[in-house]
Amino acid sequence: MNALKRHRLLTRIWASDSGWKRCFTTVSHTDLGRMFLGMAFFYFAVGGVLAMLIRAQLASPDAAFMGPDIYNQVFTMHGTMMMFLFAIPAFEGLAVYLLPKMLGARDLAFPRLTAYGFWCYTFGGFMMLTSMLVGLAPDGGWFMYPPLTGPAASPGVNTDVWLLGVTFVEISAICAAVELCVSILKFRAPGMSLDKMPIFVWYALVTALMILTAFPPLILGSILLELERAIGLPFFDAALGGDSLLWQHLFWLFGHPEVYIIFLPAAGLISTIIPVMSRTSLLGHGWVVASVVALAFLSFGLWVHHMFATGIPHMGVAFFSAASTLVAVPTAVQVFAWIGTMWHGRPQLQMPMLYILGFFATFVIGGLTGVMLAIVPFDWQAHDTAFVTAHLHYVLFGGFVFPVLAGLYYYAPLVTGRRRFFRIGEYAFGLVFIGFHGTFFAMHWVGLLGQRRRIYTYDADTGWELINLISSIGGFVLAIGLAMVLLDLALNAIVAIRGKRNPWRSGTLEWSMMLPPSAYNFASLPRVTSREPLADIPDLPTRLARGEGYLAVPRDGRREMLTVSTTHAHPESLVVYPGNTALPILMAAVTGSFFLSLLFKIYWFTPFAVLAVAALAWRWVWGLGSQTDEEDQEIGFGETVPHAMQTDRSQGWWGSVFLMVADATLFGSLIFGYAFLWTIAPNWPPPQWLAFSVWEPLIGVAGAAVAIIAARQTPRPMQRRSGTTTGMPHLLPTWQSLLGLSALAAAFIGLLLRTPLPTEHAYGAVLCVISAFGLFHALLAILMLVFLVFRIRRGFISSRRRSEVEIVKLWINYAALIGVVCLVLILSPVLFT
Amino acid sequence: MLAGSTLIVIIVAALIWRSFSSTPPTDKPLGRNIRIWIYGLGLVFPMSVLAALLIYALVVGERLLPHLDDEVVRVNAIAEQWRWQFTYTDRPEYVSEGVLHIPAGRPVDVAITTRDVIHSFWVPRLAGKLDAIPGHVNVLRIEASAPGLYHGQSAEFSGKGYTGHTFIVQAHSAADWARFLAGEPM
C-alpha cells in the first residue's frame, strides 16, 4: 500500500460528515478544538464589549450612561464571561486541538465526550447571553456572595441564570478534564514514556487534574445556593444556622486554583515556544515540571487570601499569607528557566516572541503587585479597590491573553497550513501592548487613591477624573488592537499563500504531519525514542505517511488507536472509536432542558429530563462493544495487543476513576461544609436532632457489604449441565449486588423521610443533601447493574469481553463506600449529642 | 515595597534585553546555567526576599491588631442596605446614623456587624477594612490622631445602592467627647 492509497483509505474512515451536518455530528478533536476556540473567542469579544461599556461609564465623573441596575449586570457578566466562557474553554480548545497531535495519537480518549462538552458549553453560554439581551443577567458580582444573592435580597431570576448556567458550562470543563487525563496517561504514541512527553502536555495534565479537584467545590456551592433559593434549605442564612462565609470558602476553594488553571496552560505555551524560537531546548526541563506540580499543590492552600478582610483569626491569616508569598517561588523558577533558555540559545524576534515579551513585561509586574497583596496590612487597605482590579488584569491578561496570542501566531501555520503574508500583526501588538498598560497601570494609581471596585460612578471632586479618562482611552486602544489581531489572523488564514511544513523548525510530533492536519492526524503512529522525535529524524513525516509506524494498515473501516502503559508507554490494547454521531448534541440539549426546567421553575418536568438523560446515556454506551470475542491484533513491529474490551482496565475504567476523583472532591467539600457549619456558624445547635434508629445503618451497611462481596463474584463463567463453560457470565452475583444496593438506597429514602425540619435549620438541610448524595450514587450503580444484566443477556459480555463488568464493579464499590460514609456522617454525631 | 518591585522589574527587563543582544556561546555547559538560573535566581533569590517581607508584614500586622488596653472606647457599627448605624457602650441609649463619633487620640474598638447582606467597614485614613458578616461580629481597632472628619465607606459590593453607601467618622477632642457622652448637643 502506498502513501496516497493509505491517505485515501484513512480519510474515508476518519472524515467528519460533509456539508451542514458536519458541525453537529463531528467527534473529531481537530474540528471540536477549532469550534471550542472559535466559541471562546466569540465570548472574549462579547466580554470585551462589556469592558468597553464599563470604561465608557467610568470615563467621566457622574456619568449618566448607565444606572447601577445595568452597570451591575455589565460588570458581573464581564467577569463571568471572561472566566467561565472564555479562559477555561480557550484552554479546553487548545488542549483538545493540540494534545493528540503532540502525543502522536489519532484522537482523544472519548471523542463523543469532547463533543458533548462542547455542546454543553455552547448551550450554557447561550443561556447566559440570552439573559443579558433581555436584561435579566446576573448582577451580584462574578463571585455571587450570599446573602446578596440569596432569595431575600435577589428574588429575581438573575442569580439563578448564573448558578444554573455556570454549572451547565462546568459540565464541559469536567468532561474535558477527565478526557485529557485519560488521553495523556493512556493515549500516547508507543515509546513516549512520561519523561519524553512534550512540556505542554505536562502543563495540560496538571491543569486537568486541577480542574477535577477545583471545580467541584464551586459546583457544590452552586447546588446548595440554588437549593436555598428554590426550596428554602438555609445553608447560607445565618438566622437559621447557615453561614454566608461557607459560600466564600467554597467559592475561593475553587477561585484561587482557577487562577492557576488559567495561567498554567498559557505558561505551557511559553515553555513550548521559547525554546523553539531560541533554537535550543528548555533549560531545566525537570525543574519546570516540578515547579508546575508544586504550583498546583500550593494553589489549593491559598483560597483564604481572598478573605483576609472577613475577620479570619490572626494565626490563620499568617499561615495563608506565608503560603501566598510562597507561590512566587515556583513561578520564579519558571520565569528564570525561560530567561535562561533565551540566554542559552539564540532568540529570534518573530510574532510569537513579540507576545512573549509582552507577557514578561506584564506578568512580572502583576506578580509583584500580587506579592504586595499577599502582605496582609497592605491588603487590608488595597482590598476591593481598583488596585486589585489592575493586579488581576495584569496577571490574567498578561499571564493568559498574551501567551495565548503568542500561541495563536505560533500554531496558525499548523491549523491553516499557510504562512503569514500581511504584516498587520506587529502594529496590532503595539496597540494591544500600549492600550493594555495605559488602561491598567493607571488603575493601580486610582486604586491607591481610594477608588473602590464596582462603583458605577464617582464625584467630580475626587481627583480621579484624569486617571479614569486615561484608563478609558487605553481601553479603547486595546480593543482596537485586539480587533486588528483577529483581522490579521483571519486575513492570513483565508488569503495567504501555502506555507512549508514545520516553519519554526520545532522538534515535537505535532509538526510531523500534513498541514493542515488530516482527519486521522498520523497515517501510522510513530515509535518515540526521545523528547524531540522530529529533531532526531527529520524525515519522520514521510516515513509515517509511508506506513513505517504502528497501525499502518487501515482495517474494516474502523477508527483504530492504541493505548499504552502509563509510565513506559508500551502498547497495551487496541481501541476502536465510535464514528460520527448526533448523540452528543442531543444529549447536551436534553441536559439543557434539565437546567431550563429548574430556571423557569417547571419542576414537574425535571424528573422527565433526568429520565431522558439516563435513557440517552444507556443508548450512548449500548452502541459500543461486540457480541463476539476477537483475537489479539497485529499492530506492527511484530507486536500484538488485545482489544480494549477484552482487558480489565479499558479507557472507560480510567475515565471512571478520574470522574470519581471529581465526585469525591465534591463529597469532600460537602463534608467540609457540614463541619464548617457545625463549628463556626451562628445559631447552633439546631432546635431538633435526628432521632437515632438502628434500622437505617443496619440495612444500609449490610446492603453495601452484600453489593461489594457479590460484585467480586462476576464474571464467573456459567456452568452448563454437561460441565462445560459457555463463556457467558453467571447472572446470580449481579442480582445479589442489585439487592444490596437497593437496601442501601432504601436506607437513604428512610433517612430523607424523617430528617428534622430541613427548611428551618441548616442541620436538617445538610442531612437531606448527604442522604440525597448517597441515594443518587446507589441509584446510579443500580442503573449500571441493570444495564449489565441486559448486556449479559444480549451476549455483549463474555469471560474475555469483561471490560464493562470491571467498570460496573468499580462503580458498585464506589457507591457502597460513599453510602457507608454518608451513613456515618449522618448518624455518628447523633450518638454524641 | 514599590522601590524593590521597580528594581526587580528593571533587573528582569535587563536580563531579557541581554539575551537578545549577547552572542550565545552554544558550548556553554548546561550544568552551570541550571545552577545560576534555577538554583540562584529561581529558588534562592525569591525565597530570601519573601522571607524578609513576610516577617516584616507579620510584625506590622501584629501591631495593628486590637490588644487589651484600659483606654479603649467601644462602639458598634451596624450596616444595612444602604446605611450605617452606630451605637456606643458609654452612652447606651444613643444611636447615630451615618456619623460615627469617636474621641481623638484614643484607641477605639468598632464591633462590626450587619442586618442583611455582607458589607465592609473602611475608613482609609484610620485603618484597613473589615467585613460586616451576618451572624458574626468582627472587631476593628481604629485610632484618629487628631480631631476632625474622616470619610468612611462600605468596601463590599452590596447591590444597587453600593456606590452611595458611605459614612463619616467625627473625631472629637477630649472635652468635646465628654460633652458628647453627657448627651449635650454637638
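Predicted model, so just to flag it, every value in this text is computed and none were measured. (Residues numbered from 1 in each chain as written. Chains lettered and ligands numbered in written order. Predicted model: local features only at pLDDT ≥ 70, side-chain atom pairs only at ≥ 80, totals over all residues. Heavy atoms only, no water.)

> Outline the pairing of strand S2 (residues 571-577) of chain A, listing residues and values.
By the criterion of burial, S2 of chain A is predominantly enclosed, with five of the seven residues buried. Between strand S1 (residues 559-564) of chain A and S2 of chain A, which pair antiparallel and follow one another directly, the connecting turn spans six residues, one of which, Ala569 of chain A, has a positive phi of 60°. (Buried < 20%, exposed > 50% of the residue type's maximum accessible area, 1.4 Å probe, protein only. Helix = DSSP H or I, 4+ residues; strand = E, 2+ residues; numbered from the N terminus. Pairing = 2+ DSSP bridges.)

> How would you explain the sheet that holds strand S3 (residues 91-97) of chain B if you had to name every residue and give the values?
Residues and elements named next belong to chain B. On the basis of which strands lie adjacent, the open sheet formed by five strands has the order S3-S2-S1-S5-S8 and mixed pairing. Unpaired on one side and paired on the other, S3 and strand S8 (138-142) mark the two borders of the sheet. The mean angle between the axes of side-by-side strands here comes to 25°, regardless of whether they run parallel or antiparallel. When strand S1 (residues 73-80) meets strand S2 (residues 83-88), the two strands line up antiparallel, connected through six bridges. When the sheet's bridge partners are listed, Ile78 is paired in S2 with Gln85. With respect to the sheet, helix H3 (residues 174-181) is in contact with S1, S2 and S3, its orientation differing from that of S3 by roughly 105°. (Axes fitted to C-alpha atoms, helices over the stretch in contact; angles between N-to-C directions. Contact = heavy atoms within 4.5 Å.)

> An account of the packing of helix H21 (residues 651-679) of chain A against helix H24 (residues 762-793) of chain A is needed here, citing residue identities and associated values.
All names here are of chain A. At a closest axis distance of 10 Å, the pairing of H21 and H24 adopts a crossing angle of 160°. In terms of their interaxial angle, H21 and H24 are classed as roughly antiparallel. As for how H21 packs across H24, the hand of that crossing is left-handed. Of the residues in H24, those touching H21 at Asp663, Leu666, Phe667, Leu670, Tyr674, Leu677 and Trp678 are Ala762, Tyr763, Val766, Leu767, Val769, Ile770, Phe773 and His777. For the contact of H21 with H24, the residue count by class is 13 nonpolar, one polar and one charged. (Parallel < 35°, antiparallel > 145°, perpendicular 65-115°, else oblique. Left-handed = near helix turned anticlockwise from the far one by under 90°. Nonpolar A, V, L, I, M, F, W, Y, C, P; charged D, E, K, R; others polar.)

> So what's going on with the nonpolar core? Which residues, and what values?
Ranked by size, the top nonpolar core spans 300 residues in total, and within it Phe86, Trp338, Ile339, Tyr355 and Phe360 of chain A carry the most contacts. Looking at which domains feed residues into this core, each of domain 1 (2-64) and domain 2 (73-181) of chain B gives three or more. Contact partners of Phe86 of chain A, with chain neighbours within four places excluded, come to Ala40, Phe41, Phe44, Met81, Phe400 and Val401 of chain A. Counting 28 residues, the second largest nonpolar core, distinct from the first, contains Ala79, Ala144, Tyr150 and Trp177 of chain B. (Core = buried A, V, L, I, M, F, W, Y, C linked by side-chain atoms within 4.5 Å. Domains from an automatic or database assignment.)

> Tell me about empty space enclosed by the protein, residues and numbers included.
Going through the model one piece at a time under the given rule, you end up with six cavities of 30 Å³ or more. Looking at the largest cavity, its volume works out to about 70 Å³. Taken together, His314, Val317, Ala318, Ser321, Val376, Pro377 and Trp380 of chain A together with Ala57, Leu58 and Gly61 of chain B make up the lining of the largest cavity. If you list the elements that add at least two residues to the lining of the largest cavity, you get helix H10 (314-326) and helix H13 (376-382) of chain A together with helix H2 (30-64) of chain B. Classifying every residue of the lining of the largest cavity by side-chain character gives seven nonpolar, three polar and no charged. (1 Å grid on protein atoms, 1.4 Å probe; cavity = no way out; pocket = protein on both sides within 12 Å on 5 of 7 lines; lining within 4 Å. Points joined across faces, edges and corners; volume = space filled by probe spheres on them.)

> Pulling in residues and values, what's your account of the interface of chain B and chain A?
One frequent convention defines the size of an interface as the accessible area lost when the parts assemble. On the chain A side, the residues contacting the 63 residues of chain B number 71 residues. For the pair chain B and chain A, the two sides together bury roughly 5,900 Å², of which 73% comes from carbon and sulfur. Among the residues chain B hides against chain A, the three largest losses belong to Phe20, Trp37 and Phe157 of chain B. Together they make up 12% of the total. Across the contact surface, chain B and chain A share one salt bridge. Here Asp69 of chain A ties to Lys160 of chain B by a salt bridge, and the two come within 3.8 Å at their closest N and O atoms. (Buried area = accessible area lost by both parts, 1.4 Å probe. Salt bridge = Lys/Arg side-chain N within 4 Å of Asp/Glu carboxyl O.)

> Can you lay out the pattern of salt bridges for me, pointing to particular residues and giving the numbers?
Under the definition given, this model contains 28 salt bridges over all chains. For Asp539 of chain A, the salt bridge is made with Arg543 of chain A, and the minimal N-O distance between the two is 3.4 Å. Given the relative accessible area of 35%, Asp539 of chain A is considered partly exposed. Between Asp109 of chain B and Arg141 of chain B there is a salt bridge; the shortest N-O distance is 2.6 Å. Note that Asp109 of chain B is positioned in strand S5 (residues 108-114) and Arg141 of chain B in strand S8, a separation of 32 residues in sequence. Given a relative accessible area of 16%, Arg141 of chain B falls into the buried group. One salt-bridge network, in which partners are shared between bridges, spans Glu80, Arg83, Glu97 and Arg115 of chain B.

> So what's going on with a nonpolar patch on the surface? Residues and values would help.
Residue and element names in this part refer to chain A. A contiguous nonpolar patch, built from Leu596, Phe600, Ile602, Trp604, Phe605, Phe608 and Leu611 and spanning about 750 Å² of accessible area, is present on the exposed surface. Tracing the chain through its elements places Leu596 in helix H19 (residues 583-599). Judged by its relative accessible area of 36%, Leu596 is partly exposed. (Patch = residues over 30% accessible without salt bridge, like charges linked within 9 Å, V, L, I, M, F, W, Y side chains within 5 Å. Areas by Shrake-Rupley, 256 points an atom, 1.4 Å probe, with all protein chains shown as cover.)

> Explain the packing of helix H3 (residues 29-58) of chain A against helix H5 (residues 111-133) of chain A to me, and be specific about the residues and the numbers.
Residue and element names in this part refer to chain A. One can describe the packing of H3 onto H5 by two numbers: an axis separation of 10 Å at closest approach and a directional angle of 20°. Classed by the angle they form, the pair H3 and H5 counts as roughly parallel. Seen from above, H3 lies across H5 with left-handed handedness. In this structure, H3 contributes Leu32, Met35, Phe36, Met39, Ala40, Phe42, Tyr43, Val46 and Leu50 to the contact, and H5 contributes Pro111, Thr114, Ala115, Gly117, Phe118, Trp119, Tyr121, Thr122, Gly125, Phe126, Leu129 and Met132. The class makeup of the residues in the contact of H3 with H5 is 17 nonpolar, four polar and no charged.

> An account of the state of the cysteines is needed here, citing residue identities and associated values.
Residues and elements named next belong to chain A. Under the defined criterion, the tally for this structure stands at zero disulfides over all chains. Here Cys23 is not cross-linked by a disulfide; its sulfur's nearest cysteine counterpart is in Cys120, at 15 Å. Residue class for Cys23 comes out partly exposed when judged on its relative accessible area of 31%. With no disulfide of its own, Cys175 lies 6.2 Å from the sulfur of Cys120, the closest cysteine sulfur. (Disulfide = S-S within 2.5 Å.)

> Residue-level account of unusual backbone geometry, with values.
Residues and elements named next belong to chain A. Residues Pro146 and Pro147 are joined by a peptide bond in cis, for which omega reads 5°. Relative to the helices and strands, Pro147 is located in the loop between H5 and helix H6 (158-186). Note the cis peptide between Trp684 and Pro685, where omega equals -5°. Summarising the element assignment, Pro685 is placed in the loop between H21 and helix H22 (695-711). Positive phi, normally seen in glycine, also occurs at Asn683, with a value near 65°. For Asn683, the position within the fold is in the loop between H21 and H22.

> Mind laying out the domain arrangement of chain B, listing which residues take part and the relevant values?
Here the domain parsing of chain B yields domain 1 (2-64) and domain 2 (73-181). Here domain 1 of chain B and domain 2 of chain B have C-alpha centroids that lie 43 Å from each other.

> For a positive patch on the surface, give the residues involved together with the corresponding values.
All names here are of chain A. A grouping of Arg279, Arg419, Lys500 and Arg505 is seen on the molecular surface, where their side chains present a positively charged patch. Within the secondary structure, Arg505 is located in the loop between helix H16 (465-495) and helix H17 (533-536). Classification of Arg505 by relative accessible area gives exposed; the value is 60%. (Lys, Arg positive; Asp, Glu negative; His and termini not counted. Charge placed at Lys NZ, Arg CZ, Asp CG, Glu CD.)

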